[in-house]
Amino acid sequence: MIIAILAALLLPALNRARESAASTACQNNMKQLHLSFLRYADDFNEQVLFSHQLKPYGSTLDELNYFQGYACFDPPKPEYRRFAVKIFSCPSERKVFHFSSAGFDFPGCLIFDGSSYHYSLNMYMCPSVSSASAAATTSLYKLSKIRQPSRVMWAIDGQRLIAEPYTATYAPVFRHSGFLNALMFDGHLERRARVPPYASAYRFWNNTNPQFAE
């Protein structure tokens, strides 16, 4: 009886500690991704990368060799290990994905499959294009032109390549005990219980309006 009571008292504390550690690991993943985003901008005239430019943004960064030496998970087929870069998988995400092209299930992100991403880019700042012609005619933000970068979200806990507030498929995911982590353009992270709607008054989603309120 005493052991059962002690277990009942300790279990919630252990669960909270486990989730706190997972949330911290998630934040560390985002910090590493931020370094890759900055590296891309440095290599491409300060441009913010596409969320999808004929391929998911993780594949774009991988092809530029930005993840050499990074830790990877071991999926069922060894040849897919290079695509299982650990910083793309949030430790609090419990969903198991079926990768039909690879022929196996895997509880994490494989960077060639946009539907498996745990970290979504701000759709209004990092556009998605499906053709070379669209990419050539799409204007990208430059980091130096983003006003108040500490107010504008770059990446967030999500479920696809992009995040936006009005469609369930692309909505941010509150996977940390009702909270989510948001990476802002200046590199700092915010733990949030809500995200603002997309409106001209909210700088969180859209940098183009000089006014904001939160």
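This section reports on the structure supplied with the text. (Residues numbered from 1 in each chain as written. Predicted model: local features only at pLDDT ≥ 70, side-chain atom pairs only at ≥ 80, totals over all residues. Heavy atoms only, no water.)

Here we come to the overall build of the protein. Assigned secondary structure in the protein consists of 3 helices and 9 strands. Helices and strands in the protein line up, N terminus first, as α-β-α-β-β-β-β-α-β-β-β-β. Burial statistics for the protein: of 214 residues in total, 43% are counted as buried. In the protein, the proportion of contacts linking residues at least 24 apart, taken out of those at least 6 apart, comes to 63%. (Helix = DSSP H or I, 4+ residues; strand = E, 2+ residues; numbered from the N terminus. Buried < 20%, exposed > 50% of the residue type's maximum accessible area, 1.4 Å probe, protein only. Contact = heavy atoms within 4.5 Å.)

Residue position: Ser36 is located in helix 1 (residues 2-43). What makes Ser36 buried here is its relative accessible area of 3%. Apart from residues no more than four positions distant in its own chain, Ser36 is found in contact with Leu61, Tyr66, Phe67 and Tyr70.

Turning our attention to the pairing of strand 9 (residues 189-192). Summarising the sheet, strand 8 (residues 180-184) and strand 9 pair through 4 bridges and their orientation is antiparallel. Note that in strand 9 the partner of Leu180 across the bridge is Arg192. From the end of strand 8 to the start of strand 9, which pair antiparallel, there are 4 residues, and Gly187 there has a positive phi angle of about 100 degrees. (Pairing = 2+ DSSP bridges.)

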